[in-house]
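Read off the chains here:
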Amino acid sequence: RVNLSKESPVMELPTSIRLTCCTSGKEEIAAIETLNREVAKLRIDSEWWSNLGNTIRNPRSEPDSEWRWRQIVSTYQNKPNYLAKCIKTTDGLIQAAVVYRVDAMSAIEPAQRAVFVEWLASAPKNREILMKTPRYRGAGTGLLLFAIAQSYFLGFSGRVNLNAVANIEYYLGQGFIQTNIGDDDNVVFEIPASTAIRRLKERGLIDG
């Protein structure tokens with residue numbers, strides 16, 4: 001189990017996030033909460049891929065369309081180095097979900113610790129690639145920033161790495177860089193400490 005050390009930076013992890021409503025352009029406050037398996041079953045597995053209406057392309061072409069979040073959360077919920085989080089709007093709907101581990105190592109600086117994102121997805125109704133009019137912007141990005149904040153909180157300088165399941169351009173745009181770790185289908189991408197710290201300062205999570 002990873003514990004907060006005396007040398008770890010002092011900060012509080014965010015408990016909420018501002019999402020942008022795509023139809024009105026207004027910002028809405030959504031909660032960042034722990035994701036348990038019952039919520040995963042009722043609010044993700046049972047809802048995300050149903051009643052999407054007219055979509056730009058076949059939703060089943062999305063690589064996560066077959067993910068079962070209840071099973072994912074059940075697999076990791078009793079493992080102390082794994083955490084599951086979600087973004088919930090005031091209507092009770094889940095707008096994004098993430099599972100990450102806090103015992104990983106950096107792919108860029110091998111001697112340094114990092115957070116590794118195992119699973120990350122935004123609700124299908126929030127995806128520009130699927131919906132003509134997405135519901136919210138910022139949910140998936142918000143959870144990615146939360147993982148960066150978790151890394152910083154643990155004293156890992158914000159380092160986060162992951163396998164880019166889809167949309168590599170998105171992760172590059174977020175400041176991740178491709179490493180030489182992994183094979184063609186599972187290349188590790190990592191956000192360097194300097195970039196991560198800059199992102200946290202920009203969002204006001206740590207002092208600039």
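These numbers come from a predicted model, not from an experiment. Think of each chain on its own: its residues are numbered from 1, step by step along the sequence as written. Since the coordinates come from a predicted model, pLDDT governs what is reported: local features require at least 70, and pairs of side-chain atoms require 80 or more to be given and counted, while whole-chain, interface and lining totals use all residues. Side-chain figures throughout are based on the complete set of non-hydrogen atoms in the structure, without hydrogens or water.

The next thing to look at is the overall build of the chain. Broken down by element type, the chain carries five helices and nine strands. Counting from the amino terminus, helix and strand elements in the chain follow one another as β-β-α-α-β-β-β-β-α-β-α-β-β-α. Whereas a compact globule of 208 residues would reach a radius of gyration of roughly 17 Å, the chain reaches 17 Å, a difference of no more than 12%. Residue exposure (1.4 Å probe, protein chains only): buried if accessible area is under 20% of the type maximum, exposed if over 50%, otherwise partly exposed. When the 208 residues of the chain are sorted by exposure, 47% land in the buried category. The contact criterion used throughout is that any non-hydrogen atoms of two residues lie within 4.5 Å. A separation of at least 24 residues holds for 62% of the contacts in the chain among residues at least 6 apart in sequence. Accessible surface computed for the chain: about 10,900 Å², of which carbon and sulfur atoms make up 45%. Helix and strand assignments follow DSSP, with helices taken as H or I runs no shorter than four residues and strands as E runs no shorter than two, numbered in order from the N terminus. What the globule rule says is 2.2 Å times the number of residues to the power 0.38, and the radius of gyration is computed from C-alpha atoms. Only the protein chains shown count as cover for residues, and the accessible areas themselves come from Shrake-Rupley with a 1.4 Å probe.

With that settled, the discussion passes to the packing of helix α1 (residues 37–45) against helix α2 (residues 69–76). Geometry is summarised by axes, namely lines fitted to C-alpha atoms with helices restricted to the contacting stretch, and by angles between N-to-C directions that run from 0 to 180 degrees. The contact between α1 and α2 brings their axes to 8 Å, and the two run at 160°. When the interaxial angle is binned, α1 and α2 end up roughly antiparallel. In this structure, α1 meets α2 at a crossing whose hand is right-handed. In this structure, α1 contributes R37, E38, A40, K41, I44 and D45 to the contact, and α2 contributes W69, R70, V73 and S74. Residues are grouped as follows: Ala, Val, Leu, Ile, Met, Phe, Trp, Tyr, Cys and Pro are nonpolar; Asp, Glu, Lys and Arg are charged; all remaining types, including Gly, are polar. Looking at the contact of α1 with α2 residue by residue, the classes come out as four nonpolar, one polar and five charged. Angle categories: roughly parallel below 35 degrees, roughly antiparallel above 145, roughly perpendicular from 65 to 115, and oblique for all the rest. Crossings are sorted by hand: turned counterclockwise from the far helix by less than a right angle, the near helix makes the crossing left-handed, and turned clockwise it makes it right-handed.

What follows deals with the pattern of salt bridges. Only one rule defines a salt bridge in this text: a Lys or Arg side-chain nitrogen within 4 Å of an Asp or Glu carboxyl oxygen. Scanning all chains against the criterion turns up 13 salt bridges. The partner of R70 in a salt bridge is E38, and the shortest N-O contact between them spans 3.8 Å. Within this pair, whereas R70 is found in helix α2, its partner E38 is found in helix α1, the two being separated by 32 residues in sequence. A residue is classified by how much of its surface remains accessible, and R70, at 31% relative accessible area, is partly exposed.

Attention shifts here to the confidence of the model for the chain. Considering every residue of the chain, the mean pLDDT works out to 92; 94% of them sit at 70 or more. The predictor's confidence in any single residue is recorded as pLDDT, a number from 0 to 100. When the elements of the chain are averaged for pLDDT, helix α4 (residues 168–173) gives the smallest value, 92, and strand β3 (residues 82–88) the largest, 98. Across residues 1–8 the pLDDT falls below 50, and counting only partners more than four positions away or on other chains, this stretch makes 13 contacts in the model.

With their axes 10 Å apart at the nearest point, helix α3 (residues 139–153) and helix α5 (residues 193–202) run at an angle of 115° to one another. For the element pair α3 / α5, the angle class is roughly perpendicular. Viewed along their axes, α3 and α5 form a crossing whose handedness is left-handed. Within the contact between the two elements, α3 uses T141, L145, I148, A149 and Y152 and α5 uses A196, I197, R199 and L200. The class makeup of the residues in the contact of α3 with α5 is seven nonpolar, one polar and one charged.

Note on disulfides: each one is a pair of cysteine sulfur atoms within 2.5 Å. Enumeration according to the criterion identifies zero disulfides in this entry. We note that C22 lacks a disulfide partner, and the nearest cysteine sulfur, in C21, lies 6.7 Å from it. Not engaged in a disulfide, the cysteine C86 finds its nearest cysteine sulfur in C22; these two sulfurs lie 19 Å apart.

Tracing the chain through its elements places F156 in the loop between α3 and β7 (160–163). Linking F156 and S106, residues 50 residues apart in sequence, is a C-alpha distance of 9.1 Å.

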